[in-house]
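Each chain, written out:
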Amino acid sequence: VALESTGSADEVESAPAEEAAPVLPEVTVLDASATQAILDNGRGYAQFCDMAVLAFASFTNPGGGYIQGYLGQEATLCADSYLYNVLDKQRKWYGENRRRNINCELVVPAVRFDRKHVHAYADVIVAAAPNAKRARQEYRVSDDALLDALRDRIRFVLAICDELGREKLVLG
């Protein structure tokens, strides 16, 4: 909120702050991979990056098996950028996630994605969904508790995007 006044500083300080009205996000469903959505809707200069992408992360393996040749969403993001090089240097983060199984996130800013001489930038939010299979089998976690955990993780990722101030978020 910008305040303009020709009065004294005391008058400006006492003016009530205006709250921004809540805005519902515009949702667009695309028939495209995450990388293609970034290339089609992102910006070509890192300093103008206005997009974030959620990497469906592995809690335990940097790049979600990219090095082994898997082609899941996170591995594909690694194949189309230098993301794996950054994730591979975060072994302590993966170890902490594995040890504590908590809502940890890693944000890799302004990653350049490339395909066929076209590029665009996006911040990558590396956050794993709750491991439902393991939670059910090893800890006997109920479906209701898993649903609550998933909802918490969704809120967590959206809060990170808000904190980053990004206008666009790719969630797939």
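As shown above, the structure is provided for reference.
Just so we're clear, the structure is a prediction, and the values are computed from it rather than from any experiment.

Undergrad: Would you mind going over helix 2 (residues 34-41) in detail, with residue names and values included?
TA: The set of residues buried in helix 2 consists of Ala34, Thr35, Ala37, Ile38 and Leu39. Its buried side turned inward, helix 2 meets strand 1 (51-56), helix 3 (73-79), strand 2 (106-115), strand 3 (118-127) and strand 4 (168-170).

Undergrad: Please set out the pattern of salt bridges residue by residue, giving values where relevant.
TA: Taken as a whole and assessed by the stated rule, the structure comprises nine salt bridges. Here arginine 43 makes a salt bridge to aspartate 50, at a shortest N to O gap of 3.4 Å. Taking relative accessible area as the criterion, aspartate 50 reaches 6% and is therefore assigned buried. For arginine 115, the salt bridge is made with aspartate 80, and the minimal N-O distance between the two is 2.9 Å.

Undergrad: Pulling in residues and values, what's your account of the sheet that holds strand 4?
TA: The sheet built from four strands is open, its strands ordered 2-3-1-4 with mixed pairing. Two strands close off the open sheet at either side, each with one partner strand: strand 2 and strand 4. Strand-to-strand, the axes of this sheet are offset by a mean angle of 35°, without reference to chain direction. By the bridge criterion, three bridges tie strand 1 to strand 4 in an arrangement that is parallel.

Undergrad: Now, about unusual backbone geometry: what can you tell me, with residues and values included?
TA: Backbone geometry at alanine 110 places phi at a positive 45°, although glycine is not the residue there. Within the secondary structure, alanine 110 is located in strand 2. Phi at histidine 117 takes a positive value of approximately 65°, unusual for a residue other than glycine. Relative to the elements of secondary structure, histidine 117 occurs in the loop between strand 2 and strand 3.

Parameters and conventions
Residue indices follow the written sequence of each chain, beginning from 1 at its first position. Residues qualify for local features only when their pLDDT is at least 70, as the model is predicted, and side-chain atom pairs are given and counted only at 80 or more; totals for whole chains, interfaces and linings, by contrast, use all residues. Computation of side-chain values covers all heavy atoms of the structure but excludes hydrogens and water. Only protein chains enter the accessibility calculation, which uses a 1.4 Å probe; a residue whose area is less than 20% of its type maximum is buried, one above 50% is exposed, and one in between is partly exposed. The way it works is that DSSP assigns letters per residue, a run of H or I at least four long becomes a helix, a run of E at least two long becomes a strand, and they are numbered from the N terminus. Only heavy atoms enter the contact rule, under which two residues are in contact if any of them lie within 4.5 Å. Basic side-chain nitrogens of Lys or Arg form a salt bridge, by our definition, when they fall within 4 Å of a carboxyl oxygen of Asp or Glu. Pairing between strands requires that DSSP locate at least two bridges from one strand to the other. With axes taken as lines fitted to C-alpha atoms, and helix axes fitted only over the stretch in contact, angles between N-to-C directions fall between 0 and 180 degrees.

Read these as spatial facts, not as claims about activity.
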